[in-house]
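A look at the structure
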Amino acid sequence: MRDRRDGWHYTDGRDVTLSLPQRPRRIAVAELLAASTLAAAGIRPVAAALGPDPGGDVCFAAAGFAPAGVARLDTPDDPDVVPELLAAAKPDLVVDRFPRDHGLPTVVLPLKARGQSLDDLLTETARLAVALGASPPATDSYQAAKLQVTGSLAGRTIIFGYARGARLSILDPSRYPWLVTLQQLGLRVLGDRTPDDGPHGTPVPWAAARADMIFVNGEIPPGFRAHPWDDTWHAFSYPNYARLLTALTTLDRTAA
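Since the model is a prediction, treat every value here as computed from it, not as a measurement. Note on numbering: residues in each chain are counted from 1, in written sequence order. Only residues with pLDDT of 70 or above have their local features reported here, since the model is predicted, and side-chain atom pairs are shown and tallied only from 80 upward, although totals for entire chains, interfaces and linings are computed over all residues. Hydrogens and water molecules were not included; the side-chain quantities draw on all heavy atoms of the structure.

1. Considering the packing of aromatic side chains
Basically, it comes down to this: Side-chain rings of Phe, Tyr and Trp, where Trp is taken by its six-membered ring, are said to pair if the distance between their centres is within 6.5 Å; with planes under 30 degrees apart they count as stacked, over 60 as edge-to-face, and otherwise as tilted. Accessible area is worked out with a 1.4 Å probe on protein chains only. A residue is then buried under 20% of its type maximum, exposed over 50%, and partly exposed in between.
Throughout the structure, instances matching the rule amount to 14 aromatic pairs. On the numbers, 6.0 Å between centres and 5° between planes, the contact of Phe236 with Tyr241 is stacked. Tyr241 shares its class with Phe236; the two are buried. Each residue in the set Phe160, Tyr162, Tyr176, Trp178, Phe215, Trp229, Trp233, Phe236 and Tyr241 is aromatic and connected to the rest through ring pairs, giving one cluster.

2. Overview of helix 1 (residues 32–40)
At 3.6 residues per turn, the α-helix brings residues three or four places apart onto the same side. Worth spelling out the cut-off: Helix numbers and strand numbers start at the N terminus; a helix is a DSSP run of H or I with at least 4 residues, a strand a run of E with at least 2. Two residues form a contact once any of their heavy atoms are found within 4.5 Å. Any pair of N or O atoms that falls within 3.5 Å is considered a polar contact. Within protein, one atom must be able to donate a hydrogen and the other to accept it, and sequence-neighbouring residues count only if both atoms are side-chain atoms.
Of all the nine residues making up helix 1, seven are buried; the element is thus mostly covered by neighbouring parts of the structure. Of the positions making up helix 1, those classed as buried are Leu33, Ala34, Ala35, Ser36, Thr37, Leu38 and Ala39. Among the structural elements, strand 4 (27–29), strand 5 (47–48), helix 2 (58–63), strand 7 (93–96) and helix 4 (118–131) are those in contact with the buried residues of helix 1. Structurally, the start of helix 1 carries an N-cap: the backbone nitrogen of Leu33 is 2.9 Å from a side-chain oxygen of Glu31.

3. Digging into the sheet that holds strand 4
Consider a sheet: its strands pair through backbone hydrogen bonds, and that pairing is either parallel or antiparallel. Condition: When DSSP finds two or more bridges between two strands, those strands count as paired. Lines fitted to C-alpha atoms define the axes, with helix axes restricted to the stretch in contact, and inter-axis angles between N-to-C directions lie between 0 and 180 degrees.
Ordered in space as 6-5-4-7-8, the five strands form an open sheet in which the pairing is parallel. At either end of the open sheet lies a strand with only one pairing partner, and these are strand 6 (71–72) and strand 8 (106–108). Those strands touched by helix 1 are strand 4, strand 5 and strand 7, and its axis lies near 135° from that of strand 4.

4. Details of the nonpolar core
Rules: Only buried Ala, Val, Leu, Ile, Met, Phe, Trp, Tyr and Cys residues count toward a nonpolar core, and they belong to the same one when joined by side-chain atoms within 4.5 Å.
Grouped together as the largest cluster of nonpolar side chains are 60 residues, with contacts concentrated most on Val95, Ile158, Phe160, Trp178, Leu182 and Tyr241. In this structure, Phe160 is in contact with Ser169, Ile170, Leu171, Trp178, Leu179, Phe215, Trp229 and Trp233, ignoring residues within four places of it in sequence. Judged by nonpolar contacts, the second largest core, of 11 residues, contains Ala163, Ile170, Ile214 and Val216.

5. Some points on the pairing of strand 9 (residues 157–164)
Along strand 9, seven of the eight residues are buried, which leaves the element largely enclosed by surrounding structure. With two bridges joining them, strand 9 and strand 11 (residues 188–189) adopt parallel strand pairing. Across the sheet, residue Thr157 finds its bridge partner in strand 11, namely Arg188. Pairing between strand 9 and strand 13 (residues 213–217): five bridges, direction parallel. Within the sheet, the bridge partner assigned to Phe160 lies in strand 13 and is Phe215. In this structure, strand 9 lies alongside strand 10 (residues 167–170), joined through four bridges in antiparallel fashion. When the sheet's bridge partners are listed, Tyr162 is paired in strand 10 with Ser169. In sequence, strand 9 turns back onto strand 10 through a hairpin of two residues, with Gly165 there showing a positive phi of about 65°.

Okay, here's the thing in structure tokens:
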């Protein structure tokens, strides 16, 4: 990235360089997860995709993003950006999670790419935010939380999954940055990596899901011991992950 007399230049996650006459001031974010992630890094967009219930979005709240006053680019019933709303926002730059043609200068912020760790994601987000004028983030509490995980949980097995009636769909650990990171910190993360099964893996009976720590999104059947998880784990910011990883080290070990 460069912001000099010859203009503003940024090479995004696709290794594609965008050059503009000057640093963008009016930022529009064309994808829900990218909106909260970039806002948490210190960039308040003039317009963004906000999803069905921005005022009550758990991910927004955990990332510290209050969408009041941000123009909506999507509709409550459809997450796709409405071209007319994007044009009306008059952005200098569009940030998207995917490479899509908005007819405006665009950079891609890759989130949840296969094999991407939290460090990869947060470093790339901070790089873009700083290029747009934000201050470098403080990472001390996040780094300390990672050390706590290594010290107390290394060698343990862990599962994250979605409740699917009588079965549990276990997340593919390569598709979720926090699971990639937990593996790097020494935990054994169980999950199915079969490409055809998508990020939630192959559903398995509840009784087959055995690990030291099990986290379930959805209703946990009576008699099954597990911890709940929700979209706070999709709120990508250093402060949020300092909280989540620290909390992880304080939980009782559970087994099916």
